[in-house]
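Below, each chain spelled out in residue letters.
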Amino acid sequence: MAAWEKHTKGIGSKLMLKMGYQQGMGLGKLGEGRLEPVEVTVLPSGVSLDKAFEIKKKRKIKKAKKKVDTTEPEIDLNVFEFINSKLVADSKQNEAQSSKQDISKANNKGLNVKMLHTHNKIKDEEKKNAKLKESLIRNKNAAKTTLDCIREKIAESDRVLKELKKSESDILNEKISRKRKSDIF
C-alpha cells in the first residue's frame, strides 16, 4: 500500500496487490507499462478542444516570458509524490527516534520478532530493488525522465535497504550484549 493511502482503506492498492502488482513496477504481464499516472488536464467548459489548447498554449507562452525574469528553481512534484514525501519524512523521523528505544526495551522474544520482521523487510526490499534494476535495463532506450524516475526509486530503495540492515545490525548487537550479560551472571 502506498504511503499516502495509510489513512484510507486503500482498496485500489489491495486489489492490485492481489492481482500481482508490485509497487514501483509498471503494469502489464512483464511490468513494461507506465510507471507514473496519467496527468489530469482541466479544460475550460463550453470550448472546443482546439480552442482550449490554443488558450493553454498562449498561457504557457506568457508564463515562459515571466519566468525568464525569475531564476528560482522549480521543483516538479505531483500530488502523490508531495503527499508521500511529507508522510514518509514524518514517519522516518519518528521511526528513527523510537527504534533504538524499542530495541533496548524489548524482551528476547520481542527482539527475535523484530529481527524476523526486519529480515523479511530486507528480503522484500532486495526483490523490489532487483526488479527496479531489471526495469532500468529493460527501459534503457526510454525517455530520460523515465530513466531518472527509475534511478531515483533505485536510490531510495538502496537507502531503505541500508537503514534496514543497520536496524538488523542494532538488533543483533543488542542480542549479543544481552547474551554476554547473561553469561556473566
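Attention in this report is confined to the structure presented alongside it.

Remarks on the nonpolar core
Ranked by size, the top nonpolar core spans five residues in total: Ile103, Ala106, Leu111, Met115 and Ile171. Beyond its immediate stretch of four places on either side in the chain, methionine 115 contacts Glu168, Ile171 and Leu172.

Structural notes on a nonpolar patch on the surface
A cluster of nonpolar side chains, Ile11, Leu15 and Met19, forms an exposed patch at the surface whose accessible area comes to about 350 Å². For methionine 19, the position within the fold is in the loop between helix H1 (11-18) and helix H2 (49-69). Relative accessible area serves as the criterion here: at 67%, methionine 19 is assigned to the exposed category.

Remarks on the pattern of salt bridges
Evaluation of the coordinates by the stated rule reveals seven salt bridges. Here glutamate 156 ties to arginine 159 by a salt bridge, and the two come within 2.4 Å at their closest N and O atoms. Taken together, the residues glutamate 156 and arginine 159, both in helix H5 (residues 144-184) and three residues apart, mark about one turn of the helix. For glutamate 156, a relative accessible area of 37% puts it in the partly exposed group. The partner of arginine 178 in a salt bridge is glutamate 174, with the nearest N and O atoms 3.0 Å apart. Pair noted here: arginine 178 and glutamate 174 are both in helix H5, with a separation of four residues, about one helical turn. The network of salt bridges with common partners includes Lys144, Asp148 and Arg151.

Basis of the calculations
Residues numbered from 1 in each chain as written. Predicted model: local features only at pLDDT ≥ 70, side-chain atom pairs only at ≥ 80, totals over all residues. Heavy atoms only, no water. Core = buried A, V, L, I, M, F, W, Y, C linked by side-chain atoms within 4.5 Å. Buried < 20%, exposed > 50% of the residue type's maximum accessible area, 1.4 Å probe, protein only. Contact = heavy atoms within 4.5 Å. Patch = residues over 30% accessible without salt bridge, like charges linked within 9 Å, V, L, I, M, F, W, Y side chains within 5 Å. Areas by Shrake-Rupley, 256 points an atom, 1.4 Å probe, with all protein chains shown as cover. Salt bridge = Lys/Arg side-chain N within 4 Å of Asp/Glu carboxyl O. Helix = DSSP H or I, 4+ residues; strand = E, 2+ residues; numbered from the N terminus.

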